[in-house]
Amino acid sequence: MPLHDEVPKLPTEILLNIIDIIAPSANLPQIALPRDHPITKTLVALTYTSRALRLHARRLLYTHCLFIHTAARLRKLLRSIQDSQQHTGGDLLECCTSLYLRPYRQGSIADISIGNDVLKLMSALSPRLRRLLVDIPFRSVYPDEDKLNVRPLLRAAFTDLPALEEFCSVRDELYLELGASDEPGVWSRWDRLRTLVLYNVDVSTEKFWKGLYASKNLETVVLTRCDGLNEVDIKQEWKNRFGSGEMEWPLDVLLVNVDAEHTIPLGLERWKKEDKMQVRLLNVPISYYGDEDLAVICQQWVKRRILQGVPVADWS
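Every value quoted in this text rests on a predicted model; they were computed, and no experiment measured them.

Conventions we followed
- In every chain, residue numbers begin from 1 and rise along the written sequence.
- Whole-chain, interface and lining totals are the exception, using all residues; otherwise, since this is a predicted model, local features are given only for residues with pLDDT of at least 70 and side-chain atom pairs are given and counted only at 80 or more.
- Processing note: side-chain calculations cover all non-hydrogen atoms of the structure and skip hydrogens and water entirely.
- Here's how the labels work: a residue is buried when its accessible area is under 20% of the maximum for its type, exposed when over 50%, partly exposed in between, all with a 1.4 Å probe on protein chains only.
- Secondary structure elements are taken from DSSP: a helix is a run of H or I of four residues or more, a strand is a run of E of two residues or more, and numbering for both begins at the N terminus.
- Pairing between strands is defined by DSSP: at least two bridges between them are needed.
- Orienting the strands away from the viewer, one traces the path from the first strand over the helix to the second; a clockwise path indicates a right-handed crossover.
- Relevant arc is that of directions from the helix axis to the C-beta atoms, nothing else.
- Angles run from 0 to 180 degrees between N-to-C directions of axes, and those axes are lines fitted to C-alpha atoms, restricted for helices to the stretch in contact.
- Here is the rule for angles: anything less than 35 degrees is roughly parallel, anything more than 145 is roughly antiparallel, 65 through 115 is roughly perpendicular, and the remaining ranges are oblique.
- Handedness of a crossing is defined here by the sense of rotation of the near helix relative to the far one, left-handed for an anticlockwise turn of less than a right angle and right-handed for a clockwise turn.
- The contact criterion used throughout is that any non-hydrogen atoms of two residues lie within 4.5 Å.

Attention shifts here to the pairing of strand S5 (residues 195-199). Note on strand geometry: in a regular strand, side chains alternate between the two faces of the sheet. Among the five residues of S5, five are classified as buried, and the element is accordingly described as predominantly covered. Here S5 shows no split at all, with Thr195, Val197 and Tyr199 on one side and Leu196 and Leu198 on the other all buried. Here strand S4 (residues 166-169) pairs with S5 via three bridges, running parallel. Directly across from Phe167, in S5, lies its bridge partner Leu196. Note that S5 and strand S6 (residues 220-224) share five bridges and pair parallel. Each residue of the ladder has a partner; that of Val197, found in S6, is Val222. Note on the crossover from S5 through helix H7 (residues 206-214) to S6: the handedness is right-handed.

Here it is in structure tokens:
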């Protein structure tokens, strides 16, 4: 019997199957797993284990773990994308279908370098990106204050997202206007959009309804602390979009706020269960002392559910 028996080795195919069990290629509800999540840590470790496992682990990282919460991480991702296109023998961009993006940490978008990086990233991911959660303070710099011209960069970054199906803007209504305009938001150009989650949008404006009507595949809209509910009957506004002989399509609307600050929607007494637009009010829980910033509470509550991939129909 040999003194030094070889250690048995598992075939690479079996190892890859084990990795797929740890992080399946699909069916994870979360938009993106953070760096400290056990799945992320495991996949990062596997990229250093062997060349046979590295590419597969990197593909799963690109699929499940695009959690971009600093400008430094954004730069690293861009370098990683460039490296993957030049050296891996396979384009990892094909795996990038879901993204959490929060590159600004100072509360302002007045940073031309980050703006350029956001544009580069979104240009690279746009053909395949299906789910997107952005936590960006677009209203921190208004068009007449934009001395660095960062707003045109950000508008260009989010204008063309042809594959996007689910979108959430945590801090505002995706405010990307470059000046006074009656044109609907850029989200109305995303042909495949099915779920739209916005903060503090004014539902009394014509451009908001033009945008909803232009989004032909839209199924669910979440409006957190929206304005204008006491100025327009939102169900009637939706009906008014459809001309004679045109069939009104169904739309589920969720109005999110803390209990004490919900506005009673105009026309509520006339609404019917069989209306094509179904509206539900949801109360965000607050602490017993009630001393928190209510806007932040609502923003973070919605953000957590989107990050976790909880279906809107299950929010309560």
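Let us keep going from here.
Regarding helix H2 (residues 38-46), the residues found buried are Ile39, Thr40, Leu43 and Leu46. Seen along its axis, H2 keeps its buried residues to an arc of 130°; they face one direction. In this structure, H2 carries Pro38 and Lys41 as exposed residues pointing more than 90 degrees from its buried face.

Our focus in this paragraph is the pairing of strand S2 (residues 98-101). Burial of the side chains of S2 extends over both faces: Ser98 and Tyr100 are buried on one face and Leu99 and Leu101 on the other. As defined by bridge partners, strand S1 (residues 67-68) adjoins S2 across two bridges and the pair is classed as parallel. Bridged to Phe67 within S2 is Tyr100. With four bridges joining them, S2 and strand S3 (residues 131-134) adopt parallel strand pairing. Bridge pairing in S3 links Ser98 to Arg131. Following the chain from S2 across helix H5 (residues 112-125) to the adjacent parallel S3, one finds a crossover that is right-handed.

Further remarks concern the environment of Gln82. Along the polypeptide, Gln82 turns up in helix H4 (residues 71-87). Exposure remark for Gln82: the relative accessible area of 45% places this residue in the partly exposed category. When the C-alpha positions of Gln82 and Ala124 are compared, they lie 9.9 Å apart, and in sequence the two are 42 residues distant.

Turning to the packing of H5 against helix H6 (residues 150-159), a few remarks are in order. Orientation of H5 relative to H6, taken along the N-to-C sense of each, is 15°, at an axis distance of 8 Å. Between H5 and H6, the angle falls in the class roughly parallel. For the crossing formed where H5 meets H6, the hand is left-handed. On H6, the residues touching Ile112, Gly115, Asn116, Val118, Leu119 and Met122 of H5 are Val150, Leu153, Leu154, Ala156, Ala157 and Phe158.

The phi angle of most residues is negative, glycine excepted, and most peptide bonds adopt the trans form. Unlike most non-glycine residues, Asn200 shows phi in positive territory, near 55°. Of note, Asn200 is situated in the loop between S5 and H7. We classify Asn200 as partly exposed; its relative accessible area is 30%. Positive phi, normally seen in glycine, also occurs at Arg225, with a value near 50°. Looking at the secondary structure, you find Arg225 in the loop between S6 and helix H8 (234-240).

This brings us to the sheet that holds S6. Strands sit in the order S1-S2-S3-S4-S5-S6-S7-S8 across an open sheet of eight strands; the sheet is parallel. Because the sheet does not close on itself, it has two edges, and the strands there are S1 and strand S8 (277-283). Packed onto the sheet, helix H9 (residues 294-308) meets S1, S2, S3, S4, S5, S6, strand S7 (251-257) and S8 and runs at close to 160° relative to S5.

Let us look at the side chain of Thr220. With respect to the helices, strands and loops of the structure, Thr220 is situated in strand S6. The residues contacting Thr220, other than those within four sequence positions of it, are Arg194, Thr195, Leu196, Leu251, Asp252 and Val312.

Functional significance is not addressed by these values, which are geometric in nature.
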